[in-house]
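Residue-level structural notes
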Amino acid sequence: MAILRCNHCGYLREVSQEHVGKTVKCPVCEQAAAIYDSVDFIKKLIDKYGGLLAKYREQESAQNMPAAANVPKYLPKDEELDLHNTAVMTNSMQYKPVIQWFERKNIRVEVDHDALDTQGFFDEVAVELGDNFPVLQQVLDKIRKAQRNNYTSVVLNLSNHSQNDIKTITGFCRNLYEFSFFAKYFYNKNEKRAYLTLQTASAIAGFFNGEWLEWYVFMKLLKHCYENKGLFSCLRSFNIQFANDDKYEVDIFFLINSRIPVFIECKSGEFRPFIEKYGKMRRRLEIAKENFLLLVLGVSDEQVQGLTKMYDITFVNETGFIKHINGLLGG
């Protein structure tokens, strides 16, 4: 394994050996952080230690030497962290500010590291699906209907679709097959029909049944915060427990610039029975209405405005939530 070491804040973790020599953005402080070969890194530390020890013996004052002077300096390179293939979000230093935010309210947090690890393919598929949802909704609806009826075979009739839509749909299905979301995939160009065989694993079924929307919203907001170089901490799909033992699952929570909480609950189906529940939760958490979002897939901008005026939480849709959050940050 290699070592990612941030000279600015001291963040340290193991990473894959293939990344040796790269410089990436530190997930904690956002400064450039170099990746070293473990053996070389230890050798350099030993050399540094020997030099400092000799200097100490000569001057007898090394205890006042600043630690930052012991670390070699490296020029930053044009390397970026791959948000779709990293486990850095699972590091406790990344989400510690969120934990502390809840602890100040006497609320316990249970973290699911799998919900933050993007080394799988759920996040990539979710972003592709969300970014092309008007075209791909038919595919999702067919899959969910088959799952509800315990079927594994799905046929998509694309004869009434434009060539661009067919290209988007077949490309999406091909990616799902490559990522093993489908057991089999075949497209008959003459018939303009796509034949799918679904996987039956619970994780895949849960993804199509609504979890994909959580991944989509999480990744879009993660990318937005990362690219705008703001300080942030985040968690996805975690549990909170109040002092009276009331327990709730939270879809997405970001703490931006160490002071702005953003709570997001995602609904891809019926949402009306949950409005009162989340209104009460917002008040218990003492989060401002504009920072507590119920994201409902497919609702119009007009519905968003009307529902927000009617209830004690803020409604958003999949196309407008980033703009709303940007407004919270003064953008």
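The notes below deal with the structure included here. (Residues numbered from 1 in each chain as written. Predicted model: local features only at pLDDT ≥ 70, side-chain atom pairs only at ≥ 80, totals over all residues. Heavy atoms only, no water.)

1. Considerations on the pairing of strand β1 (residues 2-5)
When β1 meets strand β2 (residues 12-15), the two strands line up antiparallel, connected through four bridges. Directly across from A2, in β2, lies its bridge partner V15. With four bridges joining them, β1 and strand β4 (residues 32-37) adopt antiparallel strand pairing. Each residue of the ladder has a partner; that of R5, found in β4, is A34. (Pairing = 2+ DSSP bridges. Helix = DSSP H or I, 4+ residues; strand = E, 2+ residues; numbered from the N terminus.)

2. Focus: the pairing of strand β12 (residues 292-296)
The buried fraction of β12 amounts to five of the five residues, a majority that puts the element mostly inside the structure. Along β12, one buried face is formed by F292, L294 and V296 and the opposite face, lined by L293 and L295, is buried too. Sheet topology places strand β11 (residues 260-267) next to β12; five bridges connect them, and they run parallel. From the neighbouring strand, I264 faces β12, where its bridge partner is L293. In terms of handedness, the path from β11 via helix α7 (residues 275-285) over to β12 forms a crossover that is right-handed. Pairing geometry for β12 and strand β13 (residues 314-316), over three bridges, is parallel. Residue pairing for β13: L295 is matched across the bridge by V316. For the crossover that starts at β12, traverses helix α8 (residues 301-310) and ends in the parallel β13, the hand is right-handed. (Buried < 20%, exposed > 50% of the residue type's maximum accessible area, 1.4 Å probe, protein only. Right-handed = clockwise from strand over helix to strand, strands pointing away.)

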